[in-house]
Amino acid sequence: MVKGRQGERVRLYVRGTILGYKRSKSNQYENTSLIQIEGLNTKEEVAWYCGKRMAYIYKAKTKSDGTRYRCIWGKVTRPHGNSGVVRAKFKSNLPPKSMGGKVRVFMYPSNI
Amino acid sequence: MAAKKAGAKSRNPELIRGIGKYSRSKMYHKRGIWAIKAKHGGSLPRHEPKAAPPKPAAKPPKFYPADDVKTPIPNHRKPKPTKLRPSITPGTVLILLAGRFMGKRVVFLKQLPSGLLLVTGPFKINGVPLRRVNQAYVIGTSTKIDISGVDVEKFDDKYFTKEKKKKTKKSENEFFDARIEETKALPQEKKDDQKAVDTQLIKAIELVPDLKAYLGARFSLRAGMKPHELVF
């Protein structure tokens, strides 16, 4: 992330979209979020990503630790449904304003 | 029981765990205890107990605790280094996934006793020095280099530990001086180690066409690349 680094920017994460919380029609469970990972279309493809860490990165007005960027870490827990959507748990629940926002799904812990 | 010889197998096959096929009396016959006894005139041969070294006279302790003190069970566990993935063998090119050198392609040298992987750029090619890396933050590719010419015996975890800072009382002036001193240059010895390892490696790398450029370039995901479908 922003480290003031010059040189190549390499993307070693897959982009994901936050769809919302795990829910039924009228009840939602905010401890688990649903993430749509780019390029995943079936339940079988999700197996590779299970356990991979992800980060929700957002900006805040005040600086903390020298930067305005903040992050909530989480991981892919299991597939959700048949079409490649994924359930994820974060260290602290994602804020509702993150719905529709982006998440970075990293390739570690790696098993290849 | 007398100590078993290495390779001595039980003559009592297991039917189920804990239950042998033969009874005690049958086993007595099978093991030939009757024959050993007959050979030694009616009883099993006994060895004289080894003379124990004389124990020093113990003084009675000067303090007896009021309640019984529980002694903790001794821990005899010896941790093993983490199991290496089959795709990672000495000489494999690895892709680092996180950290300062993320995306860099790097040569794996050996697994250290702590379980971390010892890795080098080589430094001249991509700026990655001799470094430790955790297996979980690495992708093993199918590209292998021959590192039989490289001597990595001397590297272990102690080589990479930070130097302990000596505590000195600081006054105003000394504090500022100490801050300047803290940025230490790499000792020449480590630079020489790096060169020694790298020269051998670079020779092996230059034999393979394009490998040098490959190691110099960083890995990145592009549009349309799906890691779960990529073959590394």
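Described below are features of the structure shown in this document. Predicted model only: the values in this text are computed from it and were never measured. Every chain is numbered independently, its residues counted from 1 as its sequence is written. Chain labels run from A onward and ligand labels from 1 onward, assigned in the order the entries are written. Selection of residues for local features in this predicted model requires a pLDDT of at least 70, selection of side-chain atom pairs for listing and counting requires 80 or more, and totals for whole chains, interfaces and linings are taken over all residues. Side-chain calculation: all heavy atoms of the structure are included, whereas hydrogens and water are not.

Turning our eyes to something else, we now look at the overall build of chain B. A tally of helices and strands in chain B yields 6 helices and 7 strands. Helices and strands in chain B line up, N terminus first, as β-β-α-α-β-β-β-α-β-β-α-α-α. Buried, partly exposed and exposed residues are distinguished by accessible area as a fraction of the type maximum, computed with a 1.4 Å probe on protein chains only: under 20%, between the cut-offs, and over 50%, respectively. Within chain B, the proportion of its 232 residues that are buried is 28%. A separation of at least 24 residues holds for 59% of the contacts in chain B among residues at least 6 apart in sequence. Accessible surface computed for chain B: about 18,600 Å², of which carbon and sulfur atoms make up 56%. Each helix corresponds to a stretch of at least 4 residues labelled H or I by DSSP, and each strand to a stretch of at least 2 residues labelled E; elements are numbered beginning at the N terminus. Any two residues whose heavy atoms approach within 4.5 Å at even a single point are treated as in contact. For the accessible areas, the method is Shrake-Rupley and the probe is 1.4 Å, while residue cover comes only from the protein chains on display.

This next bit is on the layout of surface pockets. Residues and elements named next belong to chain B. Counted as a void, the largest pocket has a volume near 1,000 Å³. Only protein atoms enter the 1 Å grid used here. Points where a 1.4 Å probe fits but cannot escape make up a cavity, open sets with protein on both sides within 12 Å along at least five of seven lines make up a pocket, and a residue lines them when an atom lies within 4 Å of a point. The wall of the largest pocket is formed by 27 residues, among which Leu 130, Phe 160, Leu 186, Pro 187 and Lys 190 lie closest to the centre. Counting residues per element, the ones that place at least two in the lining of the largest pocket are α3 (123–126), β6 (131–133) and α5 (188–207). A total of 8 residues in the lining of the largest pocket trace back to one element, the largest contributor, which is α5. Residue classes in the lining of the largest pocket are distributed as 10 nonpolar, 4 polar and 13 charged. Grid points are joined across faces, edges and corners, and a volume is the space filled by probe spheres set on the points. For this classification, Asp, Glu, Lys and Arg are treated as charged, while Ala, Val, Leu, Ile, Met, Phe, Trp, Tyr, Cys and Pro are nonpolar and the rest, including Gly, are polar.

To continue, consider the nonpolar core. Counting residues in hydrophobic clusters, the biggest one holds 31 residues, and the most contacted among them are Ile35(A), Ile37(A), Met54(A), Phe90(A), Val103(A) and Val105(A). If we skip the residues at most four places from it in the chain, Ile37(A) touches Val14(A), Arg15(A), Gly16(A), Tyr49(A), Val76(A), Val86(A) and Val105(A). Grouping buried Ala, Val, Leu, Ile, Met, Phe, Trp, Tyr and Cys residues that are joined through side-chain atoms within 4.5 Å yields what is termed a nonpolar core.

In this section: the interface of chain B and chain A. Taken together, the contact between chain B and chain A spans 25 residues of the former and 18 residues of the latter. Two parts placed together each lose some accessible area; with a 1.4 Å probe, that loss summed over both constitutes the buried area. The three residues of chain B that bury the most area against chain A are Arg218(B), Leu221(B) and His228(B), which together make up 31% of that side's buried surface. A carboxyl oxygen of Asp or Glu within 4 Å of a side-chain nitrogen of Lys or Arg is what we treat as a salt bridge. In this assembly, chain B and chain A are joined by 0 salt bridges. Identification of polar contacts relies on pairs of N or O atoms within 3.5 Å, with a donor-acceptor requirement for protein atoms, meaning one able to donate a hydrogen and the other able to accept it, and with residues adjacent in sequence counted only if both atoms are side-chain atoms. Scanning the region where chain B abuts chain A turns up 11 residue pairs in polar contact (both at pLDDT 80 or more). At 3 residues, strand β7 (residues 138–144) of chain B tops the list of elements feeding residues into the side of chain B that touches chain A.

Residues and elements named next belong to chain A. Stacked, tilted and edge-to-face are the three classes applied to pairs of Phe, Tyr and Trp rings, where Trp contributes its six-membered ring and a pair requires centres within 6.5 Å; stacked means planes under 30 degrees apart, edge-to-face means over 60, and tilted covers the rest. Within the structure shown, the criterion is met by 9 aromatic pairs over all chains. Aromatic pair Tyr 13 and Phe 106: ring centres 6.0 Å apart, planes at 70°, arrangement edge-to-face. Of this pair, Tyr 13 sits in strand β1 (residues 13–23) while Phe 106 sits in strand β6 (residues 102–106), placing them 93 residues apart in sequence. With a centroid separation of 5.4 Å and 20° between ring planes, the pair formed by Tyr 56 and Tyr 58 is classed as stacked. Of the residues examined, Tyr 56 reaches a relative accessible area of 6% and is grouped as buried. Taking the relative accessible area as the measure of exposure, Tyr 58 reaches 25% and is therefore partly exposed.

Moving on: the sheet that holds strand β4 (residues 105–111) of chain B. Residues and elements named next belong to chain B. One open sheet holds the 5 strands; their spatial order is β6-β5-β4-β3-β7, and the pairing between them is antiparallel. At either end of the open sheet lies a strand with only one pairing partner, and these are β6 and β7. Across this sheet, the average inter-strand angle for adjacent strands is 45°, counted without regard to direction. When strand β3 (residues 92–96) meets β4, the two strands line up antiparallel, connected through 3 bridges. Looking at β4, one finds that Leu 94 is bridged to Val 106. Lines fitted to the C-alpha atoms define the axes, with helices restricted to the stretch that makes contact. Angles between their N-to-C directions range from 0 to 180 degrees. Where α5 meets the sheet, its contacts fall on β4 and β5 (117–120), and the angle it forms with β5 comes to roughly 75°. At least two DSSP bridges between two strands are needed for those strands to be called paired.

What follows deals with α5(B). Residues and elements named next belong to chain B. The span expected for a helix works out to 1.5 Å for each residue beyond the first. Spanning 20 residues, α5 covers 29 Å between terminal C-alpha atoms, matching the ideal 28 Å at 1.5 Å per step. Along α5, the helix axis deviates most sharply at Asp 198, where the bend reaches about 25°. Along α5, the residues that are buried comprise Asp 193, Gln 194, Val 197, Asp 198, Leu 201, Ile 202, Ala 204 and Ile 205. On the buried face of α5, the contacting elements are β4, β5, α3 and α6 (211–216). Bend, at a single residue, is the angle you get between axes fitted to the 7 residues ending at that residue and the 7 residues starting at it.

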